[in-house]
Amino acid sequence: MTGHLPRSATGPTSDRSLPSAVSPTSDRSLPPAAATDAAVIGLDLGGTKIAAALLGPDGTVLARHTRPTPARDGAAAVLDALAGAAAAVDPGRLATALGIAAAGVVDPRTGMVTSATDSLSGWAGTALGTGLADRTGYPVACDNDVRATAGPELAALMADGGPGRGSLLFVAVGTGVGGAIAVDGRMLHGAAGLAGHLGHLPSPEAAGLPCTCGAAGHLEVIASGPGIAAHYARLTGTPVDRLETVAARAGQGDAAAVRAITTGAAATGQVLGGLANALGPDRVVVGGGVPRIGPLYGDALAAAFAAELMPPLRGLLPRAPLFGADAAVLGAAALTTILPLHHPGVLR
């Protein structure tokens, strides 16, 4: 089950196909609020920023707070910063629980960060659930940030489609490639919380290229923002500082820039199409910063995706996310109703 979902003060963005942003088909609103008797806190931990929101019993966002992530200062400093954000957003101690959407591979059952990149120093092996519970005094539910962000998408899908429509394939393409998979209304977590890490599926276009996980040839190496920039540098011999530089050059007709972007997009579309055949999703969502560079990316992804689909799935289109910047903190807050709670002061 996904549970119900808190309402955003800003509401969802339009439900649109990825290649060409079309007008929404209906005036959508978020699913009903989580069935709680009190307020909850949602935290979103990224490599550069911590976002916090206090949500009332009806799901309304009552307060917000942001602060920088002390990414280079170690796990204890990050936990302290998260606790500080929770205290700042809820000075009156209205909340009865806290949910956190965190970077890294998170096992919500044990509350442990089982794997992480070096974007947060010393983050792998952190006792996220109990560490944050002890620092804040709140019961804590925790999950990977992309799965938490996908939670609102799944809740909306089930609200729209009713029984039998609850299978979702979600990918977030940014500085890395993350994902979430839900089947028949149930978000998959898998052993050690690893389910959904789509960026570490093999991709022919990435063959031989080393991945941040220690293996080689994974999708993230060719399809993430840094991966596309690195591909452009390999094609031209000219290093670039960021994806936006490649996108600007593609807009000016630079053939190597066009190739780097469309290769990364097509690699993502091919992987998603193959997964769609395996899972039979009702909806496929492509989020993150990379798809925002424009239709060159979206069209290439959609074409590669469609080329992989079996006949029963033809007509399935990758969609942009329904929800905006609040999705992660809303999804984090909803975790408190659907995942195990890690309590402060428990003997361990």
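Our structure is the block above this text.
Thresholds applied
Residues numbered from 1 in each chain as written. Predicted model: local features only at pLDDT ≥ 70, side-chain atom pairs only at ≥ 80, totals over all residues. Heavy atoms only, no water. Buried < 20%, exposed > 50% of the residue type's maximum accessible area, 1.4 Å probe, protein only. Helix = DSSP H or I, 4+ residues; strand = E, 2+ residues; numbered from the N terminus. Pairing = 2+ DSSP bridges. Contact = heavy atoms within 4.5 Å. Phe/Tyr/Trp six-rings, centres within 6.5 Å; stacked < 30°, edge-to-face > 60°. Lys NZ or Arg CZ within 6 Å of the ring centre and 35° of its normal. Core = buried A, V, L, I, M, F, W, Y, C linked by side-chain atoms within 4.5 Å. Disulfide = S-S within 2.5 Å. Salt bridge = Lys/Arg side-chain N within 4 Å of Asp/Glu carboxyl O. Axes fitted to C-alpha atoms, helices over the stretch in contact; angles between N-to-C directions. Expected span 1.5 Å × (residues − 1). Parallel < 35°, antiparallel > 145°, perpendicular 65-115°, else oblique. Left-handed = near helix turned anticlockwise from the far one by under 90°. Nonpolar A, V, L, I, M, F, W, Y, C, P; charged D, E, K, R; others polar.

Trainee: Can you explain the pairing of strand S9 (residues 177–183)? Please cite residues and give values.
Mentor: Regular strands place side chains that alternate from one sheet face to the opposite one. Burial of S9 is extensive: 6 of the 7 residues sit out of reach of the surface. In textbook terms, the turn of a hairpin is the stretch between consecutive antiparallel strands, and for strand S8 (residues 168–173) and S9 this stretch comprises 3 residues.

Trainee: Quick one: what's the story with the environment of Gly280, residue by residue and with numbers?
Mentor: Residue position: Gly280 is located in the loop between helix H7 (255–279) and strand S11 (283–287). Residue classification places Gly280 among the partly exposed residues on the basis of a relative accessible area of 35%. Look past the residues within four positions of Gly280 in its chain and what remains in contact with it is Ser167, Leu275 and Leu313.

Trainee: Lay out the packing of aromatic side chains in plain terms, naming residues and giving numbers.
Mentor: Scanning all chains against the criterion turns up 0 aromatic pairs. Over the aromatic face of Tyr138 sits the side chain of Arg93, whose NZ or CZ is 4.0 Å from the ring centroid.

Trainee: Which residues make up unusual backbone geometry, and what values go with them?
Mentor: Of all residues except glycine, most have a negative phi; of all peptide bonds, most are trans. A positive phi angle is found at Arg93, which is not glycine, with a value near 55°. Checked against the element boundaries, Arg93 lands in the loop between helix H1 (75–89) and strand S4 (95–102). We note that Ala192 has phi near 60°; this positive angle belongs to a residue other than glycine. For Ala192, the position within the fold is in the loop between strand S10 (186–187) and helix H4 (219–223). By relative accessible area, which is 37% here, Ala192 ends up partly exposed.

Trainee: Which residues make up the nonpolar core, and what values do they have?
Mentor: Formed by 40 residues in total, the largest nonpolar core has its most connected members in Ile228, Val246, Leu272 and Tyr297. Among the elements of the structure, S8, S9, H4, helix H5 (225–236), helix H6 (243–251), H7, S11 and helix H8 (295–308) are those that each provide at least two residues to this core. In this view, Val246 contacts Ile228, Ala229, Tyr232, Val240, Ala257 and Ile261; residues no more than four positions away in its chain are not counted. Residues Leu43, Leu45, Ala86 and Ala103 belong to the second largest nonpolar core, which totals 32 residues.

Trainee: Account for the state of the cysteines, naming residues and giving values.
Mentor: In this structure the tally under the stated criterion is 0 disulfides. No disulfide involves Cys211; its sulfur sits 3.7 Å from the nearest other cysteine sulfur, which is in Cys213. Looking at Cys211, the relative accessible area reads 10%, which means it is buried.

Trainee: Explain the pattern of salt bridges to me, using residue names and the numbers behind them.
Mentor: Taken as a whole and assessed by the stated rule, the structure comprises 6 salt bridges. Among the ionic pairs, Arg64 bridges to Asp326, the shortest N-O distance being 2.6 Å. Highlighted residues: Arg64 in strand S3 (residues 61–68) and Asp326 in the loop between strand S12 (318–319) and helix H9 (327–338), separated in sequence by 262 residues. Exposure remark for Asp326: the relative accessible area of 10% places this residue in the buried category.

Trainee: Account for the sheet that holds S11, naming residues and giving values.
Mentor: Reading across from one edge, S10-S9-S8-S11-S12 is the order of the 5 strands in this open sheet, with mixed pairing throughout. Sheet topology places S10 and S12 at the edges, where each strand pairs with a single neighbour. Of the pairings in the sheet, the one linking S8 to S11 comprises 5 bridges and is parallel in character. Among the inter-strand pairings, Leu168 is bridged to a residue of S11, identified as Arg283. Lying over the sheet, H7 contacts S8, S9 and S11, oriented at roughly 160° with respect to S8.

Trainee: Describe the environment of Ala333, with residues and values.
Mentor: Along the chain, Ala333 turns up in helix H9. Assessed through its relative accessible area of 1%, Ala333 is described here as buried. Expressed as a C-alpha distance, the spacing of Ala333 and Ala101, which sit 232 residues apart in the sequence, is 8.7 Å.

Trainee: So what about H9? Which residues, and what values?
Mentor: Between its first and last C-alpha, H9 extends 16 Å over 12 residues, near the 16 Å set by a 1.5 Å rise per residue. Among the 12 residues that make up H9, 10 are buried, leaving the element largely enclosed by the rest of the structure. Within the sequence span of H9, burial applies to Ala327, Ala328, Val329, Leu330, Gly331, Ala332, Ala333, Ala334, Leu335 and Thr336.

Trainee: I'd like to hear about the sheet that holds strand S7 (residues 140–144), residue by residue, with values.
Mentor: Strands sit in the order S3-S2-S1-S4-S7 across an open sheet of 5 strands; the sheet is mixed. Edge positions in the sheet fall to S3 and S7, since each has one partner strand and no second. Pairwise comparison of adjacent strand axes, ignoring direction, gives a mean angle of 15° for this sheet. As judged from the 7 bridges shared by strand S1 (residues 39–45) and S4, these two strands associate in the parallel manner.

Trainee: Now, about the packing of H5 against H6: what can you tell me, with residues and values included?
Mentor: At their nearest, the axes of H5 and H6 sit 8 Å apart, and the two run at 55° to each other. The angle between H5 and H6 falls in the class oblique. When you trace H5 past H6, the crossing you get is left-handed. Facing Gly225, Ile228, Ala229 and Tyr232 of H5, the residues of H6 in contact are Leu243, Val246 and Arg249. Partitioning the contact of H5 with H6 into residue classes produces 5 nonpolar, 1 polar and 1 charged.

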